[in-house]
Structure formats: C-alpha cells, structure tokens
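Summary of the model geometry
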Amino acid sequence: MQSAYIGKLMELAEKDSNVFHVLADSGTGYDEMFRRNFPGQIFNFGISEENMVAAAAGMATVGKIPFVFTAGAFLAYRSLEFIRDDICFQNLNVKIVGMGSGLAWSTLGPTHHTTEDVAVLRAIPNLMILSPATPIQVSQCVEAAYAHPGPVYIRIGMNHEKEFYGEQDVLTVGKNDVLAEGGDITVFVTGSILEEAEAAVRQLETEGIRANLVNVHTIKPFDEENVLRMAERSRLLVSVEEHNIRGGLGSMIAEVLAENGIGRRLCRIGLADVFATGYGTHRGVREENGLDSASICRRIREAVRHEEI
C-alpha cells in the first residue's frame, strides 16, 4: 500500500507543484524516491508530528496541498488537537495519511497499533475519512482526497495486502462496494482486513452459509443507504474491523439501525474494547486476537446458529 500511495502522490506532484509530501521520519525508501524526483516538494519534520500537522495547516492557507504522512497512531492520537483545531476547525485543504492501520505495526505492539483512529476522528467535523482495502483503492483514495477541497484522513495498511480490484474498477466516495451477493447474511468490512473476511465468506459458502460481502472504503461520509438496503434483505449483519468495536465500523452500523428503527441483529467482530496482545508477524498477531479468517469464520458460524435457535 505504501508503494501505491507514493506512486499516486508522485503522479499528482508532477502535474501540480502545490502538492507536497510532508513526513515525520517515516524513513522508507519510498520517501527517498519521492525526494529524488521532487526535491522541492518534500519536508521532513523529524519526530515532531504536532509541529508537522500545524505547519501543514499553514501551508494550506497559502494554497499548498500538503499530504501529511507517518504512522497512523502518531497522527490520530499524538496530533489529535492539531488535526481538530488547526486543520478541521479551519476547514483547510490538508490530507492526513496514517500508515499501518489496525495491527500492521505488529512487531511494535499496542503503542503503534492504530485501532481506535476511526472512533477518535469520525467525531471531528469537516473531516472526510477513507479506509482503502487494497493497493488500487489506496491510489484511488489519494486521487479522491486530492480532488476534495478540505481535510481528509486516509488509513492505509503496509503488509503486501491482497488485491481484489482492477484498474477499471471505480471508487465512489460515500458509496460502499458490494463484492459478493446472494446470501441472507451481510458482512461489512473496512480496511486491509478485507482479505481475512473474504476468505471467511468463501469458507462459509462451502458449508452452505452464503453471505453478502460489503467493503466500506468510506467511513465518512458513511453510506447509510447501503446499510439499510442490506439490512432489509438480511437476517443477520456482521461487521469486521481491525479496530476496537467501540466507536468503529460496528458502532456506525448500529447507529444507523437504531436511528431508523431497524430491528436486525448485528455481530461485531474486532477488538472487544481491549488492546491487542502479542508481537510478531501481522498474520500471527491477527490470529492471536481472533481477527484471522478462521476466527472470523467461527464467529459468524456461531452467530448464524444463534439466529437459528
């Protein structure tokens, strides 16, 4: 996903000299590639995320389009006041890109996990929030963020995510993607954990349990219409997220159901108001915290049985 991000950002920087890559010592080879090609359109603030965000706000006031890029946890939490007051309160044209969504920083533990960012940031007015699931969607989200004249937060993975889209597929901000249909269960998923949810849905189909699969790439504005439509045709709804279930995708779906008087059961799969445990590979940490495809499959299977009792 980082490669897709930098590739699209360089494409934008080439056609628009106002596009800037602003970072805080993320220290990747992709950043150096950008520097070689656009030495006048990159600033590294070092480990000084709050200053970086504040400076990006200043850049936006003089017509620049800064893409602020570093670990998602340091943007969503450490820089929260600056995102709220300097960028969103002023409704400035700053793009905030948090790399390492969910448990992607798996070797570094909960201090680096980005598992509450949706809950924290979706409460801030004026902020569009995008949660791409694949490299192609990252590229499309960066393009959409560039076209939007206001604050945008994009949460991206960093561990060779599986691709489910082709270049011909169009991403429409605020409209969910229905990737599989034909069942009376609907699974909503956001971010790179799509690959685990998709594998779980395929396994369930071999067991005679057919599910619709919906990829939620736009957190805000949220596609309430799609949620209501899928709820009408489903006896069970499931949310899958590499995030705390408090305030995340599952909570958003529950809000829509409650506000519209829809009495449909919702099974929320994610971190159940806990910090993740374990260190190691991304896959290993997902497994330890019940967010791998086998665990997701088991949770959905149990929820289906509950509905049948």
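First, a word on scope: everything that follows refers to the structure included in this document. (Residues numbered from 1 in each chain as written. Predicted model: local features only at pLDDT ≥ 70, side-chain atom pairs only at ≥ 80, totals over all residues. Heavy atoms only, no water.)

**A word on the pairing of strand S12 (residues 265-271)**
The following threshold applies: Exposed residues in this analysis have more than 50% of their type's maximum accessible area, buried residues have under 20%, and partly exposed residues fall in between, with area computed by a 1.4 Å probe over protein chains only. Strands are runs of DSSP state E lasting at least two residues, helices are runs of H or I lasting at least four, and both sets are numbered from the N terminus onward. Pairing between strands requires that DSSP locate at least two bridges from one strand to the other. When the strands point away from the viewer and the connection leading from the first strand across the helix to the second strand turns clockwise, the crossover is called right-handed.
Buried residues dominate S12, accounting for five of its seven residues. With six bridges connecting them, strand S11 (residues 236-244) and S12 associate as parallel partners. Considered in S12, the bridge of Ser239 is made with Arg268. Once the chain exits S11 it traverses helix H10 (residues 249-259) before rejoining the sheet at S12, and the crossover so formed is right-handed.

**Observations regarding the sheet that holds strand S4 (residues 95-99)**
Selection rule: Note on method: axes are straight lines fitted to C-alpha atoms, helices fitted across the in-contact stretch only, with angles between N-to-C directions ranging 0 to 180 degrees. The contact criterion used is simple: two residues touch if any of their non-hydrogen atoms lie within 4.5 Å.
Read from one edge to the other, the open sheet built from seven strands follows the order S2-S1-S3-S4-S6-S5-S10, with strand pairing classed as mixed. Here the strands that pair on one side only, and so sit at the sheet edges, are strand S2 (42-44) and strand S10 (218-220). Mean inter-strand twist for the sheet, computed between neighbouring axes without regard to direction, equals 20°. Where strand S5 (residues 128-130) meets strand S6 (residues 152-156), three bridges bridge the pair, whose relative direction is parallel. Paired with Met128 across the strands is Val152, a residue of S6. Lying on the sheet, helix H7 (residues 135-147) is in contact with strand S1 (19-23), strand S3 (65-71), S4, S5 and S6; it crosses S6 at an angle near 170°.

**A few points about empty space enclosed by the protein**
Where we set the bar: We place a 1 Å grid over just the protein atoms. Points where a 1.4 Å probe fits but has no way out form a cavity, open points with protein on both sides within 12 Å along at least 5 of 7 lines form a pocket, and any residue with an atom within 4 Å of a point lines it. Grid points are joined across faces, edges and corners, and a volume is the space filled by probe spheres set on the points. All amino acids are sorted into three groups, where Ala, Val, Leu, Ile, Met, Phe, Trp, Tyr, Cys and Pro are nonpolar, Asp, Glu, Lys and Arg are charged, and the leftover types, Gly among them, are polar.
Within the structure shown, the criterion is met by one cavity of 30 Å³ or more. Size it by volume and the largest cavity reaches roughly 50 Å³. Looking at the largest cavity, the residues that line it are Ser101, Gly102, Arg155, Thr190, Gly191, Ser192, Ile193, Glu241, Glu242 and His243. Residue composition of the lining of the largest cavity, by class: one nonpolar, six polar and three charged.

**Points about unusual backbone geometry**
Excluding glycine, residues mostly have negative phi values, and the peptide bonds linking residues are mostly trans. In this chain, Lys220 is followed by Pro221 through a cis amide linkage whose omega measures 5°. Take Pro221: it is sitting in the loop between S10 and helix H9 (224-232). Of note, the phi angle at Asn91 is positive, near 55°, even though the residue is not glycine. For Asn91, the position within the fold is in the loop between helix H5 (80-88) and S4. By relative accessible area, which is 39% here, Asn91 ends up partly exposed.

**So, the packing of aromatic side chains**
To keep things clear, this is the line we draw: Any two of the Phe, Tyr and Trp rings considered here, Trp counted by its six-membered ring, make a pair once their centres fall within 6.5 Å; the pair's planes then place it as stacked at under 30 degrees, edge-to-face at over 60, or tilted in between.
Taken as a whole, this structure holds three aromatic pairs when the rule is applied. Ring geometry for Tyr5 versus Phe69: centroids 4.8 Å apart, planes at 15°, classification stacked. Within this pair, whereas Tyr5 is found in helix H1 (residues 2-15), its partner Phe69 is found in strand S3, the two being separated by 64 residues in sequence. Of the two residues, Tyr5 and Phe69, both sit in the buried class. Between Phe34 and Phe38 the ring centres are 5.2 Å apart and the planes differ by 45°, which places this aromatic pair in the tilted class. Accessibility assignment for this pair places Phe34 and Phe38 in one class, buried.

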